[in-house]
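The chain contents come next:
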Protein chains: 4
Amino acid sequence: MGRPPMKRDAIERAALELFVEKGVDGTSIRDIAERSGVTEGALYRHHKGKDDLVRALFFEHYEGFADLIGSLMGNNYPFNQLIRELVETLFTFHDKDPYIFDFIILVRHKLLDEVRKDGKNPVELLYRIMESAAANGEIPEQDTQLTTQLMIGMVMQTVVGHHFGRVKGPLRQHSQRIADCCLMVAGAGDFANAEVEE
Amino acid sequence: MGRPPMKRDAIERAALELFVEKGVDGTSIRDIAERSGVTEGALYRHHKGKDDLVRALFFEHYEGFADLIGSLMGNNYPFNQLIRELVETLFTFHDKDPYIFDFIILVRHKLLDEVRKDGKNPVELLYRIMESAAANGEIPEQDTQLTTQLMIGMVMQTVVGHHFGRVKGPLRQHSQRIADCCLMVAGAGDFANAEVEE
Amino acid sequence: MGRPPMKRDAIERAALELFVEKGVDGTSIRDIAERSGVTEGALYRHHKGKDDLVRALFFEHYEGFADLIGSLMGNNYPFNQLIRELVETLFTFHDKDPYIFDFIILVRHKLLDEVRKDGKNPVELLYRIMESAAANGEIPEQDTQLTTQLMIGMVMQTVVGHHFGRVKGPLRQHSQRIADCCLMVAGAGDFANAEVEE
Amino acid sequence: MGRPPMKRDAIERAALELFVEKGVDGTSIRDIAERSGVTEGALYRHHKGKDDLVRALFFEHYEGFADLIGSLMGNNYPFNQLIRELVETLFTFHDKDPYIFDFIILVRHKLLDEVRKDGKNPVELLYRIMESAAANGEIPEQDTQLTTQLMIGMVMQTVVGHHFGRVKGPLRQHSQRIADCCLMVAGAGDFANAEVEE
DNA sequence: AATGAATGAGATTTCATTCAT
DNA sequence: AATGAATGAAATCTCATTCAT
């Protein structure tokens, strides 16, 4: 049954790392082949080309974030706790593998246009969390789209700040502070007293 | 000293727009020449090359932000008012010409490494504002680097959200809300009662 | 001797069709494998490679034409009848499977150099028919090489005209007309009164 | 005003020759660049790519044939004379530059689909000549499409025969013989007595 | 000052063929 | 006998930059 495909993961991992380190356009197919210990042509068995590879990586991981959020939503936590868990989960994820986060941030300007609201969309999920919290009276009526962006902005910029050395250490240690800020911004009542696991 | 260099401006403007629309590497010298009504060779009269052009645009506008902040700092406003004016100024600037903001966001990953702390650096300036507010007791002791990033994150993600259609209308209308959030996050006391100009 | 090699036929047929439809170089081994329901590697069990496949197909069918002509020659028909039977046979063959004719026309420029005069060579056979008809006094002395080409030209171009939609219907219906033209061109006396079988 | 384009003709000529000598797919851009004394990139200033170059060459010369025929048609010769002049003109043209003829024959299978009946189309022009000769009573009623193909077939195969060494010498010396054949095939009455210039 | 043809170096991509399974 | 992942060598094409005009 032919050789088993051994190299696909190696290629995708090498690509992910190189894209973050040198930029997508700064990375050539040859670079990827070299780092993954494969010849250039091998890439084309698994992806139509470089664009396709970038796209595949983006959607794979972008939708992975949606899955992460989706599974947290399944727990029916109250809003405060959900946000706390969410921030913690994201930062823990980041600390385990910062490349994925950095990659998403790097390429989103090119690819976010192609994201569908009805697919696996982490931004849309967070927005729905906000909407239902507002409907439940857990947070006041507000421009939930805007607030969603503010929360995302704080989380993402923390990652960016870490990338450029302005924010130190594992991000997980900032989870509580940033979750607090998210709740504050959302107007989520007595957030300071919320019971924090950990 | 003779007539002003009209071509130079046309080239830089065309480049700025194209970079935002198609990405830096997706834009060729030919594209830029075409849109600015100049031939390829002529571009080299004003810039050493494409890299130089990108760099020049980035630093010109990045430092422009620093100048904006710097001149606000000269007024010796109290912290609350300074932040409010700052957010308002940035969003007004964005509404006048969103391309500049989008361009900065687009290329910062490539070029931020080259930014010096001691040069005209808007992030550094905001950080100093935070530091001195903390020294003055206007805000509590905190991880000011982190808070700086959170504030930047909220402002930048609002721009991104606008770019992708999640945040509507001129951003200026959100100034007060987002300034409030910045002050909240910074722990700037009774921010709600701050006197708002306008 | 065991079961017949079904795959080999499937491969050759798929190749023949694809070569005609997309050109030889426009057809990849993968294309052939796909259409014949075989994998790429399997093709190499039956042929040394793509070149070998093209060559094999060409000679198989080109020599097939020679066999067709050869068997007609065995009947010792008079010249007029031989030509009529020949044209009829060729067009009947075409109508049964136009791909073969089209394929020969397509690749002859590449491979005709390799054809040997002393092998199974339909052009050479027709030339010999002309030569012996001239020797017998069935046709006048003439540049038989040239006349041979003229006859071939009429037959082949009819096929080409059919391929591009200028000549309609099954070619067999034009057999008599074109045989007449061949005889005329060869100066074969009272060709119009020749007895036509059918 | 920039360098004058010196190399365009050299590129097209080199391409024409190489295509005939080694086949279109057997000729690489590098081959063309080498023979025309230019770097590979230069080709792309004048043509979008190899396909575009082949297409341009084909239509340029194919339409050139139409112009040749068109200008002969302007003389309002009687049918017999027109055909004689036509064959003579074509073969003279061939003898001056056999590459063009060979090239057309080589690539027509790929490109004839794209030829339009209402454009500059030599086949269509010859067909119209036949139609109007039939309307004038210069030739009998017949399947003019088919006869057109037969005449083309004789002319083209003569060229092919020359290419493969079966037909000797300058083709012009065969003009009269082949024009006679064309007239015979078309049923153009007392063709033998037609006055031949020369 | 300007032009745009040409360069030159490299990028992506294709694909016949091989070979571990 | 068959598979199809991987190779390796080329091919096409792109494009920032140079330079004759």
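Residues numbered from 1 in each chain as written. Chains lettered and ligands numbered in written order. Predicted model: local features only at pLDDT ≥ 70, side-chain atom pairs only at ≥ 80, totals over all residues. Heavy atoms only, no water.

Student: Would you mind going over the overall build of chain A with me for this structure?
Tutor: If you tally the helices and strands in chain A, you get nine helices and zero strands. If you list the helices and strands of chain A from N to C, you get α-α-α-α-α-α-α-α-α. Projected onto the principal axes, the alpha-carbon positions of chain A cover approximately 60 × 35 × 30 Å. Here chain A holds 198 residues, and 52% of them are scored as buried. Taking the intrachain contacts of chain A between residues at least 6 apart in sequence as the baseline, contacts between residues at least 24 apart amount to 70%. For chain A, the centre of its 23 positive side-chain charges and the centre of its 31 negative side-chain charges are spaced 8 Å apart. (Helix = DSSP H or I, 4+ residues; strand = E, 2+ residues; numbered from the N terminus. Buried < 20%, exposed > 50% of the residue type's maximum accessible area, 1.4 Å probe, protein only. Contact = heavy atoms within 4.5 Å. Lys, Arg positive; Asp, Glu negative; His and termini not counted. Charge placed at Lys NZ, Arg CZ, Asp CG, Glu CD.)

Student: Where do I start with the packing of aromatic side chains in this structure?
Tutor: Within a pair of aromatic rings, the relevant descriptors are the distance that separates the centres and the angle that separates the planes. Considering all chains together, one arrives at 20 aromatic pairs over all chains under this definition. Seen from their ring centres, Phe58(B) and Tyr62(B) are 5.0 Å apart, and the 15° between their planes marks the pair as stacked. Here Tyr62(B) and Phe58(B) lie together in helix α4 (residues 50–73), a separation of four residues that amounts to about one turn. For Phe58(B), a relative accessible area of 0% corresponds to the buried category. For Tyr62(B), a relative accessible area of 7% translates into the label buried. Residues Phe65(C) and Phe93(C) carry aromatic rings whose centres are separated by 5.3 Å and whose planes lie at 65° to one another, so their mutual orientation is edge-to-face. With a gap of 28 residues between them, Phe65(C) in helix α4 (residues 50–73) and Phe93(C) in helix α5 (residues 79–96) connect regions that are remote in the sequence. (Phe/Tyr/Trp six-rings, centres within 6.5 Å; stacked < 30°, edge-to-face > 60°.)

Student: Mind showing me how you'd approach the arrangement of the chains here?
Tutor: Over all C-alpha pairs, chain B and chain C never come within contact, reaching a minimum spacing of 30 Å. With no contact formed, the shortest span from any C-alpha in chain A to any C-alpha in chain D equals 20 Å.

Student: Would you mind going over the relation of the copies chain C and chain D with me for this structure?
Tutor: Both copies of the chain are tied together by a single rotation about an axis and a shift running along it. Overlaying chain C on chain D yields an RMSD of 0.3 Å, the required transformation being a rotation through 179° with an accompanying axial translation of 0.2 Å. A rotation of that kind, with that shift, is consistent with a two-fold axis. If distances are taken from each C-alpha of chain C to the rotation axis, the shortest is found for Gly153(C), at 2.1 Å. Taken as a fraction of all interface residues of chain C, those also at the interface in chain D reach 100%, which identifies the copy contact as same-surface. (Least-squares fit on C-alpha atoms with pLDDT ≥ 70 in both.)

Student: Mind showing me how you'd approach helix α9 (residues 175–186) of chain C here?
Tutor: One turn of an α-helix holds 3.6 residues; hence residues three or four places apart share an orientation. The end-to-end C-alpha separation of α9(C) is 16 Å, in line with the 16 Å expected for 12 residues at 1.5 Å each. Counting buried positions over the 12 residues of α9(C) gives nine, a clear majority of the element. By the burial criterion, the buried members of α9(C) are Ser175(C), Ile178(C), Ala179(C), Cys181(C), Cys182(C), Leu183(C), Met184(C), Val185(C) and Ala186(C). Elements in contact with the buried residues of α9(C): α5, α7 (122–136) and α8 (144–163) of chain C together with α8 (144–163) and α9 (175–186) of chain D. (Expected span 1.5 Å × (residues − 1).)

Student: What exactly am I supposed to notice about the pattern of salt bridges here?
Tutor: Pairs can form between side chains of opposite charge whenever their charged atoms are close. Residues and elements named next belong to chain B. Enumeration according to the criterion identifies 64 salt bridges over all chains in this entry. Glu17 serves as the salt-bridge partner of Arg35, at 3.1 Å between the closest nitrogen and oxygen. Taken together, the positions of Arg35 in helix α2 (residues 29–36) and Glu17 in helix α1 (residues 6–22) put the pair 18 residues apart, joining distant regions of the chain. A residue is classified by how much of its surface remains accessible, and Arg35, at 41% relative accessible area, is partly exposed. (Salt bridge = Lys/Arg side-chain N within 4 Å of Asp/Glu carboxyl O.)

Student: Before we go on, may I ask you to explain unusual backbone geometry in this structure?
Tutor: For residues besides glycine, phi is generally negative; the peptide bonds are generally trans as well. Residues other than glycine seldom take positive phi values, yet Asn76(A) does so here, at roughly 55°. With respect to the secondary-structure elements, Asn76(A) resides in the loop between α4 (50–73) and α5 (79–96).

Student: Looking at this structure, I do not really get the interface of chain C and chain D. What am I missing?
Tutor: Often, the extent of an interface is quoted as the loss of accessible area upon association of its parts. Taken residue by residue, the interface counts 34 residues in chain C and 34 residues in chain D. Taken as a group, His109(C), Phe164(C) and Arg166(C) account for 24% of the area that chain C buries against chain D, more than any other trio of residues on that side. The tally of links between chain C and chain D comes to two salt bridges. Ionic pairing is found between Glu124(D) and Arg166(C), a salt bridge with its closest N-O pair at 2.9 Å. Summed over the shared surface of chain C and chain D, the number is 12 residue pairs in polar contact (both at pLDDT 80 or more). When the residues that make up the side of chain C that touches chain D are grouped by side-chain class, the tally is 15 nonpolar, 11 polar and eight charged. (Buried area = accessible area lost by both parts, 1.4 Å probe. Polar contact = N/O pair within 3.5 Å; in protein donor to acceptor, adjacent residues only side chain to side chain. Nonpolar A, V, L, I, M, F, W, Y, C, P; charged D, E, K, R; others polar.)

Student: Teacher, can you tell me more about the packing of helix α5 (residues 79–96) of chain B against helix α7 (residues 122–136) of chain B here?
Tutor: Any two packed helices are characterised by how steeply their axes cross, that is the angle between the axes, and by the distance between the axes. Residue and element names in this part refer to chain B. Close contact between α5 and α7 brings their axes to 11 Å; oriented N to C, the two are set at 160°. Judged by the inter-axis angle, α5 sits roughly antiparallel to α7. When you trace α5 past α7, the crossing you get is left-handed. Across the interface between the two elements, Phe79, Leu82, Ile83 and Leu86 from α5 touch Leu126, Ile129, Met130 and Ala133 from α7. Split into classes, the residues belonging to the contact of α5 with α7 amount to eight nonpolar, no polar and no charged. (Axes fitted to C-alpha atoms, helices over the stretch in contact; angles between N-to-C directions. Parallel < 35°, antiparallel > 145°, perpendicular 65-115°, else oblique. Left-handed = near helix turned anticlockwise from the far one by under 90°.)

Student: When you look at the packing of helix α1 (residues 8–22) of chain A against helix α6 (residues 98–111) of chain A in this model, what are you seeing that I'm missing?
Tutor: All names here are of chain A. Remark: α1 packs on α6, axes separated minimally by 9 Å, with the N-to-C direction vectors making an angle of 60°. In terms of orientation, α1 and α6 fall into the oblique class. The hand of the α1/α6 crossing is left-handed. Mapping the contact onto sequence places Arg13, Leu16, Glu17, Phe19, Val20 and Glu21 in α1 and Tyr99, Ile100, Asp102, Phe103 and Leu106 in α6. Partitioned by chemical class, the residues of the contact of α1 with α6 number seven nonpolar, no polar and four charged.

Student: I would appreciate a short explanation of the domain arrangement of chain A in the present structure.
Tutor: All names here are of chain A. The domain boundaries assigned to chain A delineate domain 1 (1–47) and domain 2 (50–191). For domain 1 and domain 2, the distance between their C-alpha centroids amounts to 28 Å. Tallying the contact residues gives 16 residues for domain 1 and 17 residues for domain 2. The junction of domain 1 with domain 2 conceals about 1,400 Å² of combined surface from both sides, 72% of it contributed by carbon and sulfur atoms. Our count for the domain 1 to domain 2 interface comes out at two salt bridges. For Asp97, the salt bridge goes to Arg13, with nearest N and O atoms at 2.8 Å. Linking domain 1 to domain 2 there are five residue pairs in polar contact (both at pLDDT 80 or more). Classifying every residue of the side of domain 1 that touches domain 2 by side-chain character gives eight nonpolar, three polar and five charged. (Domains from an automatic or database assignment.)

Student: Mind showing me how you'd approach the relation of the copies chain A and chain B here?
Tutor: With an axial shift of 0.2 Å and an RMSD of 0.3 Å, the rotation relating chain A to chain B amounts to 179°. Take the interface residues of chain A: 100% of them recur as interface residues in chain B, which is what a same-surface contact looks like.

Student: Honestly, the environment of Ile69(D) in this entry has me stumped. Any pointers?
Tutor: Along the polypeptide, Ile69(D) turns up in helix α4 (residues 50–73). Not counting the four nearest positions on each side in its chain, Ile69(D) is found in contact with Leu86(D), Pro122(D), Leu125(D) and Ile129(D).

Student: Sorry, what's going on with the side chain of Arg166(D) here?
Tutor: Mapping Arg166(D) onto the fold places it in the loop between α8 and α9. Judged by relative accessible area, which is 14%, Arg166(D) ranks as buried. Only 3.0 Å separates the side chain of Arg166(D) from the side chain of Glu124(C), close enough to count as a polar contact.

Student: Would you take a moment to explain the interface of chain A and chain B for this structure?
Tutor: Counting from both sides, the interface comprises 34 residues of chain A and, opposite them, 34 residues of chain B. Interface area for chain A against chain B, summed over the two sides, is near 3,200 Å², with a carbon-plus-sulfur share of 63%. Inspection of the chain A/chain B interface yields two salt bridges. At the boundary of chain A and chain B, one finds 12 residue pairs in polar contact (both at pLDDT 80 or more). Broken down by secondary-structure element, the contributors of at least two residues to the side of chain A that touches chain B are α6, α7 (122–136), α8 (144–163) and α9 (175–186) of chain A. Top contributing element to the side of chain A that touches chain B by residue count: α8(A), with 12 residues.

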